[in-house]
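For reference, the chains in residue letters:
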Amino acid sequence: QKEVEQNSGPLSVPEGAIASLNCTYSDRVSQSFFWYRQYSGKSPELIMSIYSNGDKEDGRFTAQLNKASQYVSLLIRDSQPSDSATYLCAVKLPGGTSYGKLTFGQGTILTVHP
Amino acid sequence: GAVVSQHPSRVICKSGTSVKIECRSLDFQATTMFWYRQFPKKSLMLMATSNEGSKATYEQGVEKDKFLINHASLTLSTLTVTSAHPEDSSFYICSSRLAGAEQYFGPGTRLTVT
């Protein structure tokens, strides 16, 4: 089983719709969770971080974390064509010895069509 | 978010030569920086964790004598690909870690070995 799993997609949604991206992780002691957006040919850009159960909203983005189910999701409201990118879920294990190392999922390709 | 730069953004070199990639943390001091490699349509693969003033910690399967990492100051880490071969052609990305777990990525360096 992969440590961090995402559906590779592609996920296609119409402009203005809600895009829902999902991620599961295998290690129950994981404490920090991140969503990165990566445009083709570019490096990842941090868009959301979440550390406790529940929802965290930032503009059109909402991250949801359920540690009991080992599940983290990203909702994008009012999706725009400019949101078309690969979304990477990343998880950090606790503990100083890991030096803040992140484990990434394989990414979900999102396409927002006009 | 933090600003991280990389230089060069793109490099072409001949097989057998060495290439140095610089990663700079522009607006904060980074005690820990990370080096990743990404092949086309694949997720990020952590190569090593770069710690200021000490030896880098390499991931399993990454040759430390081939990928030399130096983190001589709190704002600069370098990755040198020694005796490069065509299979080393990839997108190399560094990141810096702020207090906590958030990592911010540089723009990446695309290496092509001919």
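Residues numbered from 1 in each chain as written. Chains lettered and ligands numbered in written order. Predicted model: local features only at pLDDT ≥ 70, side-chain atom pairs only at ≥ 80, totals over all residues. Heavy atoms only, no water.

Caption draft 1: Local environment of the interface of chain A and chain B. Facing the 20 residues of chain A at the interface are 23 residues of chain B. Here chain A meets chain B over a buried area of about 1500 Å², counting both sides, of which 58% is carbon and sulfur. Counting across the chain A and chain B interface gives 1 salt bridge. On the surface where chain A and chain B come into contact, there are 6 residue pairs in polar contact (both at pLDDT 80 or more). For the side of chain A that touches chain B, the secondary structure elements donating two or more residues are strand E4 (32-38), strand E5 (45-50), strand E9 (85-92) and strand E10 (102-104) of chain A. (Contact = heavy atoms within 4.5 Å. Buried area = accessible area lost by both parts, 1.4 Å probe. Salt bridge = Lys/Arg side-chain N within 4 Å of Asp/Glu carboxyl O. Polar contact = N/O pair within 3.5 Å; in protein donor to acceptor, adjacent residues only side chain to side chain. Helix = DSSP H or I, 4+ residues; strand = E, 2+ residues; numbered from the N terminus.)

Caption draft 2: Expanded view of the sheet that holds strand E3 (residues 19-25) of chain B. Residue and element names in this part refer to chain B. In spatial order, the strands read E1-E3-E8-E7; together these 4 strands make up an open sheet with antiparallel pairing. Strands at the two margins of the open sheet, each flanked by one partner only, are strand E1 (4-7) and strand E7 (67-73). Averaged over all adjacent pairs, the angle separating strand axes in this sheet is 15 degrees, with direction ignored. For E7 and strand E8 (residues 76-81), the ladder comprises 5 bridges, and the chain directions are antiparallel. Across the sheet, Asn70 pairs through a bridge with Thr78, a residue of E8. (Pairing = 2+ DSSP bridges. Axes fitted to C-alpha atoms, helices over the stretch in contact; angles between N-to-C directions.)

Caption draft 3: Representation of the pairing of strand E7 (residues 61-66) of chain A in the model. All names here are of chain A. Of the pairings in the sheet, the one linking strand E6 (residues 54-58) to E7 comprises 5 bridges and is antiparallel in character. Looking at the pairing, Asp58 lines up with Phe61 of E7. The turn linking E6 back onto E7 is made up of 2 residues, and Gly59 within it adopts a positive phi angle of 65 degrees. Relative to strand E8 (residues 71-76), E7 is paired through 6 bridges, and the arrangement is antiparallel. Residue pairing across strands places Gln64 opposite Ser73, the latter belonging to E8.

Caption draft 4: Structural detail: the state of the cysteines. Residue and element names in this part refer to chain A. Considering all chains together, one arrives at 2 disulfides over all chains under this definition. A sulfur-sulfur separation of 2.1 Å characterises the disulfide bridge that pairs Cys23 with Cys89. Torsion about the S-S bond of the Cys23 and Cys89 cystine: about -75 degrees, corresponding to left-handed handedness. Of this pair, Cys23 sits in strand E3 (residues 19-25) while Cys89 sits in strand E9, placing them 66 residues apart in sequence. Using a relative accessible area of 0% as the deciding quantity, one classes Cys89 as buried. (Disulfide = S-S within 2.5 Å. Buried < 20%, exposed > 50% of the residue type's maximum accessible area, 1.4 Å probe, protein only.)

Caption draft 5: Region of interest: the environment of Val13 of chain A. Among the secondary structure elements, Val13 of chain A is positioned in strand E2 (residues 11-14). Counting along the chain gives 97 residues from Val13 of chain A to Leu110 of chain A, while the straight-line C-alpha distance between them is 7.8 Å.

Caption draft 6: Broad picture of the side chain of Ser77 of chain B. Residue and element names in this part refer to chain B. Along the polypeptide, Ser77 turns up in strand E8. Reaching out from Ser77, the side chain makes a polar contact with the side chain of Ser50 at a distance of 3.0 Å. Ignoring any residue separated from it by four or fewer positions in sequence, one finds Ser77 in contact with Ile21, Glu22, Cys23, Met33, Trp35, Ser50, Ile69, Asn70 and His71.

Caption draft 7: Local environment of the sheet that holds E7 of chain A. All names here are of chain A. If you trace the 5 strands from one edge of the open sheet to the other, you get E1-E3-E8-E7-E6, paired in antiparallel fashion. For this open sheet the edge positions go to strand E1 (4-6) and E6, each flanked by a neighbour on one side alone. Going from strand to strand, the sheet's axes swing by 20 degrees on average, the running direction of each strand aside. Judged from the 6 bridges that link them, E3 and E8 form a sheet pairing that is antiparallel. When the bridges of E8 are listed, Asn22 appears paired with Ser73.

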